[in-house]
Each structure stands twice: as structure tokens, then as C-alpha cells.
Amino acid sequence: MNQTQTRIPAKQLVFSAAAIALASITSMIKFANLPMGGSVTLFSMLLIALPGYLYGPRTGIMAAAAYGVLQFILEPVFFTIPQVIIDYPLGFGALGLSGFFRNQKHGLVTGYFAGVLGRYFFAFWSGIIFFGSYAADYHMTVPVYSLFYNGTYIIPEAILTVLLLSLPPVKHAIARIRQFA
């Protein structure tokens, strides 16, 4: 493999950096903020799914993982190194899975769902492994507690985002961004 095949083109880096910056800003606009991490934000997960949708899974996962590291720097919820890895670069990095659906009909919505499910998967396992001791306080089993806790912030934002993506002006704007990208 030559050097040009391993690099991400400058345009993709610029779009990814813009998506990371916008997602970082919108992640600070919270409609709900949970005590042990997690929040319903102003569509920050959508903005991180966009690089994957625009450029494919390689760029998408790299941009989303970089965003995860930035989220840790900005608002760390830190207990152990493995928890940080699962929650931040892996959990947010999963939003880049949107890239696997970039050339399909309704690819952004499908890819966004795939990314959100990936993020939910990592949040679920982090909840079981690192936060399971809180389940007894709520009289739940550890898996049910983790599903419930993580679902209270991931699912509402996902629903709101899909509703946003169904609006004609948003569809048009995404199509224009895709043409330009």
C-alpha cells in the first residue's frame, strides 16, 4: 500500500474537524444530564455520524473516535482506564458505523441507527462492567439497569434526530452537504 492510500484527504479531515467541533458545541446544549454520564443533547450524535455517511466507515470511525477522546477531555466521567476506552473512543467511535450505509437508500437514517446501536452496545457493556453496583439501589438486575440507564439518554436523542431528519428542509440541507463534500 502506498502512502496516498493510507492518508485521509484534506477535504475529509476538514469536514470531520468541522463535524467534531459542531458536535462538541451541541453536546454542551443538554436537555437532560444524567448523574453518572450521558445526556440528551442537541443532535450531537447526528453530527458525529455525518463524516461516516459522507466518506465511509474508515473516516467516520476515526472522526467519531477522535470526538470520543475530546468528549473525555471536556467532560470526563472516569473510574478506570478500560471504562474510559469503552465509553469514549469505542462508544463514540461506533457512531462512525454510519459509513457502512452511505450508499444505500435512506443511508443516513439507517447508518445513524447503526451508529447509535453501536454506541448503545458499548454503553450497555460499560454499565454492566463498571456501573452494575448501582443496580441494587433501584431493585433491578445489572443488565436491566444498564439497558434502562443508557436508554434514558440514547433513545430519546435518537428519536428526536430521526424526526429532525424527516423534515424536508433538513433532507435538502443534508443532500447539499453531501454534494459539496
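Residues numbered from 1 in each chain as written. Predicted model: local features only at pLDDT ≥ 70, side-chain atom pairs only at ≥ 80, totals over all residues. Heavy atoms only, no water.

Q: Mind laying out the overall build of the chain, listing which residues take part and the relevant values?
A: Secondary structure summary: the chain contains eight helices and two strands in total. The N-to-C order of helical and strand elements in the chain reads α-α-β-β-α-α-α-α-α-α. In terms of overall dimensions, the chain is globule-like: its C-alpha atoms have a radius of gyration of 16 Å, near the 16 Å expected for 181 residues. Counting only C-alpha atoms and orienting by the principal axes, one finds that the chain spans roughly 50 × 40 × 25 Å. Split into buried and exposed, the 181 residues of the chain put 44% on the buried side. In the chain, the share of contacts with a sequence separation of at least 24, taken over all contacts with a separation of at least 6, comes to 69%. A total of about 9600 Å² of accessible surface is found on the chain, and carbon and sulfur atoms cover 72% of it. For the chain, the separation between the mean place of its 10 positive charges and that of its 4 negative charges on side chains is 26 Å. (Helix = DSSP H or I, 4+ residues; strand = E, 2+ residues; numbered from the N terminus. Rg over C-alpha atoms; globule rule 2.2 N^0.38 Å. Buried < 20%, exposed > 50% of the residue type's maximum accessible area, 1.4 Å probe, protein only. Contact = heavy atoms within 4.5 Å. Areas by Shrake-Rupley, 256 points an atom, 1.4 Å probe, with all protein chains shown as cover. Lys, Arg positive; Asp, Glu negative; His and termini not counted. Charge placed at Lys NZ, Arg CZ, Asp CG, Glu CD.)

Q: How would you explain the layout of surface pockets if you had to name every residue and give the values?
A: Taken as a whole, the largest pocket holds about 540 Å³ of empty space. Gly37, Gly38, Tyr88, Arg119 and Tyr153 are the residues nearest the centre of the largest pocket, which is lined by 31 residues in total. A per-element tally of the lining of the largest pocket places helix α7 (residues 142-165) first, with six residues. Of the residues in the lining of the largest pocket, the class split is 12 nonpolar, 14 polar and five charged. For the second largest pocket, the full set of lining residues is Tyr53, Arg102, Gln104, His106, Gly107, Leu108, Val109, Leu165, Lys171, Ile174, Ala175 and Arg178. Mapped by element, the contributors of at least two residues to the lining of the second largest pocket are α6 (107-130) and α8 (168-180). (1 Å grid on protein atoms, 1.4 Å probe; cavity = no way out; pocket = protein on both sides within 12 Å on 5 of 7 lines; lining within 4 Å. Points joined across faces, edges and corners; volume = space filled by probe spheres on them. Nonpolar A, V, L, I, M, F, W, Y, C, P; charged D, E, K, R; others polar.)

Q: Could you give me a rundown of the packing of helix α3 (residues 44-55) against α7, with the residues and numbers involved?
A: Put simply, α3 and α7 touch, their axes get as near as 9 Å, and they point 65 degrees apart. In this view, α3 runs roughly perpendicular relative to α7, as classed from their interaxial angle. Contacts from Ser44, Met45 and Leu46 of α3 reach α7 at Ile154, Glu157, Ala158, Thr161, Leu164 and Leu165. Residues that form the contact of α3 with α7 fall into these classes: six nonpolar, two polar and one charged. (Axes fitted to C-alpha atoms, helices over the stretch in contact; angles between N-to-C directions. Parallel < 35°, antiparallel > 145°, perpendicular 65-115°, else oblique.)

Q: Would you mind going over the packing of helix α4 (residues 57-74) against helix α5 (residues 81-93) in detail, with residue names and values included?
A: Geometry of a packed helix pair, given as the angle between the helix axes and the separation of the axes. Axis separation between α4 and α5 bottoms out at 6 Å; the angle between their running directions is 140 degrees. Compared by their axis directions, α4 and α5 come out oblique. Viewed along their axes, α4 and α5 form a crossing whose handedness is right-handed. Listed contacts from α5 to Ile61, Ala64, Ala65, Tyr67, Gly68, Val69, Gln71 and Phe72 of α4 are Val84, Tyr88, Pro89, Phe92 and Gly93. Of the residues assigned to the contact of α4 with α5, the class counts are 10 nonpolar, three polar and no charged. (Left-handed = near helix turned anticlockwise from the far one by under 90°.)

Q: Describe unusual backbone geometry, and please don't skip the residues or the numbers.
A: Note on backbone geometry: most residues besides glycine have negative phi, and most peptide bonds are trans. We note that Phe43 has phi near 65 degrees; this positive angle belongs to a residue other than glycine. Mapped onto the elements of the fold, Phe43 is located in the loop between β2 (39-41) and α3. Taking the relative accessible area as the measure of exposure, Phe43 reaches 22% and is therefore partly exposed. Here His139, not a glycine, exhibits a phi torsion of approximately 55 degrees, which is positive. Assessed through its relative accessible area of 78%, His139 is described here as exposed.

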